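# Overview (structure and organization)
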Amino acid sequence: MNAIADLYARLVKLCAAPMAEGIMLLFVRISLAGIFWRSGRTKVDENAWFTLSDNARTLFQEEYSGVPLPYEFAAWSALIAEHIFPALLVAGLLTRVSAFALLLMTMVIQIFVYPEAWWQVHMIWVALAMVLLVRGGGIFSIDRIWNSRR
């Protein structure tokens, strides 16, 4: 029984090491960023880099009409946020700010657009954002380099 306890203690120590945590936080950053980046790309004209599509305008005008903002403003805000914050997350720059912004976006989607999607989707997005809010970007982030020089 002692051998099992020792093995468990070694595994816990390994998983709690900065390198393991850094890899996990990098994975969490990329995962959350990927969700929102892909969503942002669906709002852009097919052969454009940053032109709001007519389809996105229609979605915000009709299906996302519960959002208490003018639809054009909401569509552009979502397009910009879904490109800027995921890029910052992947770089590990302003990780907590970006995670908080995407957490707020998730809650807007949850409350005003798809309230039935909590258990299937949004709870996972919130969990990913909360991990980054609490732990930051980890050792593989620009935040870490920046904070170590301050």
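Quick note: structure is the one above.
Model, not experiment: these values are computed from the prediction. (Residues numbered from 1 in each chain as written. Predicted model: local features only at pLDDT ≥ 70, side-chain atom pairs only at ≥ 80, totals over all residues. Heavy atoms only, no water.)

### A word on helix α5 (residues 95–113)
Here α5 spans 26 Å end to end across 19 residues, near enough to the 27 Å set by a 1.5 Å rise per residue. If you check which residues of α5 are buried, you get Thr-95, Ser-98, Ala-99, Ala-101, Leu-102, Leu-103, Met-105, Thr-106, Ile-109, Gln-110 and Val-113. The inward-facing, buried residues of α5 contact α2 (18–41), α4 (71–91), α6 (118–135) and α7 (142–149). (Helix = DSSP H or I, 4+ residues; strand = E, 2+ residues; numbered from the N terminus. Expected span 1.5 Å × (residues − 1). Buried < 20%, exposed > 50% of the residue type's maximum accessible area, 1.4 Å probe, protein only. Contact = heavy atoms within 4.5 Å.)

### Let's talk about unusual backbone geometry
One non-glycine residue, Leu-94, lies in positive phi territory at about 55 degrees. Locating Leu-94 in the fold gives a position in the loop between α4 and α5. For Leu-94, a relative accessible area of 37% gives the class partly exposed.

### With respect to the packing of aromatic side chains
Applying the stated rule across the entire model yields four aromatic pairs. When the ring of Phe-60 is compared with that of Tyr-64, the centres are 4.8 Å apart and the planes differ by 90 degrees; the resulting orientation is edge-to-face. Taking relative accessible area as the criterion, Phe-60 reaches 8% and is therefore assigned buried. The exposure class assigned to Tyr-64 is buried, which follows from its relative accessible area of 16%. Taken together, the aromatic side chains of Phe-60, Tyr-64 and Tyr-114 make up a single cluster linked through ring pairs. (Phe/Tyr/Trp six-rings, centres within 6.5 Å; stacked < 30°, edge-to-face > 60°.)

### Concerning the pattern of salt bridges
Considering all chains together, one arrives at four salt bridges under this definition. Across the pair Lys-43 and Glu-82 runs a salt bridge whose closest N-O atoms are separated by 2.8 Å. Linking Lys-43 in the loop between α2 and α3 (54–61) with Glu-82 in helix α4, this pair joins segments that are 39 residues apart in sequence. Residues Arg-57 and Asp-54 are paired through a salt bridge, measuring 3.8 Å at the closest nitrogen-oxygen approach. Here Arg-57 pairs with Asp-54, and both are found in helix α3, just three residues apart, close to one helical turn. On the accessibility criterion, Arg-57 (24% relative accessible area) is partly exposed. (Salt bridge = Lys/Arg side-chain N within 4 Å of Asp/Glu carboxyl O.)

### What to know about a nonpolar patch on the surface
Side chains of Trp-49, Phe-50, Ile-80 and Ile-84 sit close together on the surface and give an oily, nonpolar patch of about 390 Å² of accessible area. You can see Ile-84 is positioned in helix α4. Classification of Ile-84 as partly exposed rests on a relative accessible area of 43%. (Patch = residues over 30% accessible without salt bridge, like charges linked within 9 Å, V, L, I, M, F, W, Y side chains within 5 Å. Areas by Shrake-Rupley, 256 points an atom, 1.4 Å probe, with all protein chains shown as cover.)

### Points about the packing of α3 against α4
Remark: α3 packs on α4, axes separated minimally by 9 Å, with the N-to-C direction vectors making an angle of 125 degrees. On the basis of the axis angle, α3 is oblique to α4. In the packing of α3 onto α4, the handedness of the crossing is right-handed. For the pair formed by α3 and α4, the contact residues are Arg-57, Phe-60 and Gln-61 on the first element and Tyr-71, Glu-72, Ala-74, Ala-75, Trp-76 and Ala-78 on the second. Broken down by class, the residue content of the contact of α3 with α4 amounts to six nonpolar, one polar and two charged. (Axes fitted to C-alpha atoms, helices over the stretch in contact; angles between N-to-C directions. Parallel < 35°, antiparallel > 145°, perpendicular 65-115°, else oblique. Left-handed = near helix turned anticlockwise from the far one by under 90°. Nonpolar A, V, L, I, M, F, W, Y, C, P; charged D, E, K, R; others polar.)

### Focus on the side chain of Ser-98
Mapping Ser-98 onto the fold places it in helix α5. Once residues within four sequence positions are removed from consideration, Ser-98 is found in contact with Phe-85, Leu-88, Leu-89 and Leu-93.

### Some words on the environment of Leu-7
If you trace the backbone, Leu-7 turns up in helix α1 (residues 2–15). For the pair formed by Leu-7 and Met-19, sequence separation is 12 residues and the distance between their alpha carbons is 19 Å.

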